[in-house]
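Below are the chains, spelled out letter by letter.
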Amino acid sequence: MIITDAISLGAALFTAARLLLFTRGQGTHRPYASLLAYGLIVACAALGTLLATGHAAGTSWPQTLINVVLALAVASTGGNVVELFRPSGGNRQPLVLRLLRKEQWIR
């Protein structure tokens, strides 16, 4: 296993674990955010499994950098995927954030 594979493996497994361990406390359940988190958990766990078993073709430095940045972003938000899309300032919320904050699927 080369160094980029080892770093990607660690970042992917950390990201999946942090997302799995997220608790919303008294927050509202948001189905779209849950669906996004579930997709990220499955993708990161699958990448980690493929890298650990040697079935992945290998990762390059750009892919490793993307995995590390995603892991750091998830760690900085405490595993809350909605916070990943929150704008830093202003009142206008992007479409992705409005969708993720939606509390009901069907009205």
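Coordinates for the structure precede this section.
Definitions and cut-offs
Residues numbered from 1 in each chain as written. Predicted model: local features only at pLDDT ≥ 70, side-chain atom pairs only at ≥ 80, totals over all residues. Heavy atoms only, no water. Helix = DSSP H or I, 4+ residues; strand = E, 2+ residues; numbered from the N terminus. Buried < 20%, exposed > 50% of the residue type's maximum accessible area, 1.4 Å probe, protein only. Areas by Shrake-Rupley, 256 points an atom, 1.4 Å probe, with all protein chains shown as cover. Core = buried A, V, L, I, M, F, W, Y, C linked by side-chain atoms within 4.5 Å. Axes fitted to C-alpha atoms, helices over the stretch in contact; angles between N-to-C directions. Left-handed = near helix turned anticlockwise from the far one by under 90°. Contact = heavy atoms within 4.5 Å. Nonpolar A, V, L, I, M, F, W, Y, C, P; charged D, E, K, R; others polar. Expected span 1.5 Å × (residues − 1). Parallel < 35°, antiparallel > 145°, perpendicular 65-115°, else oblique.

This next bit is on the overall build of the protein. Looking only at helices and strands, the protein has 5 helices and 0 strands in total. Seen in sequence order, the protein has helices and strands lined up from the N terminus as α-α-α-α-α. Counting every position in the protein, which comprises 107 residues, the buried fraction comes to 25%. Accessible surface, the protein as shown: approximately 7100 Å² in total, 64% of it carbon and sulfur.

General note: in soluble globular proteins, nonpolar side chains tend to be found buried as a group. In terms of nonpolar packing, the biggest core is built from 9 residues, these being Leu19, Ala33, Ala37, Ile41, Val74, Val81, Val82, Leu97 and Leu100. Looking at this core, the elements with two or more residues in it are α2 (31–53), α4 (81–84) and α5 (95–100). With 3 residues, α2 is the single largest residue contributor to this core.

This part covers the packing of helix α1 (residues 3–20) against α2. For the pair α1 and α2, the least separation of the axes is 8 Å and the interaxial angle reads 145°. Considering only the axes of α1 and α2, their crossing is left-handed. The residues of α2 that touch α1, namely those facing Asp5, Ser8, Leu9, Ala12, Leu13, Thr15, Ala16, Leu19 and Leu20, are Ala37, Leu40, Ile41, Cys44, Ala45, Leu47, Gly48, Leu51 and Ala52. Counted by class, the contact of α1 with α2 contains 14 nonpolar, 3 polar and 1 charged residues.

A separate point is α1. Owing to its 3.6 residues per turn, the α-helix aligns residues three or four sequence positions apart on the same side. Here α1 is 18 residues long and its end C-alpha atoms lie 26 Å apart, about the 26 Å a rise of 1.5 Å per residue gives. Along α1, the residues that are buried comprise Thr4, Asp5, Ser8, Leu9, Ala11, Ala12, Thr15, Ala16 and Leu19. In this structure, the buried residues of α1 make contact with α2, α3 (61–76) and α4.

Within the secondary structure layout, leucine 47 lies in helix α2. C-alpha of leucine 47 to C-alpha of leucine 9: the two residues are 38 residues apart in sequence and 7.3 Å apart in space. Apart from the residues lying within four places of it in its own chain, the contact partners of leucine 47 are Ala12 and Asn67.

Turning our attention to the packing of α1 against α3. Between α1 and α3, whose axes approach to 9 Å, the crossing angle comes to 25°. Here α1 is positioned roughly parallel relative to α3, judged by the angle of their axes. The interaxial crossing formed by α1 with α3 has left-handed handedness. Two secondary-structure elements touch here, α1 through Ile3, Thr4, Ile7, Ser8, Ala11, Phe14, Thr15, Arg18 and Leu19 and α3 through Trp61, Thr64, Asn67, Val68, Leu70, Ala71, Val74 and Ala75. When the residues that make up the contact of α1 with α3 are grouped by side-chain class, the tally is 11 nonpolar, 5 polar and 1 charged.

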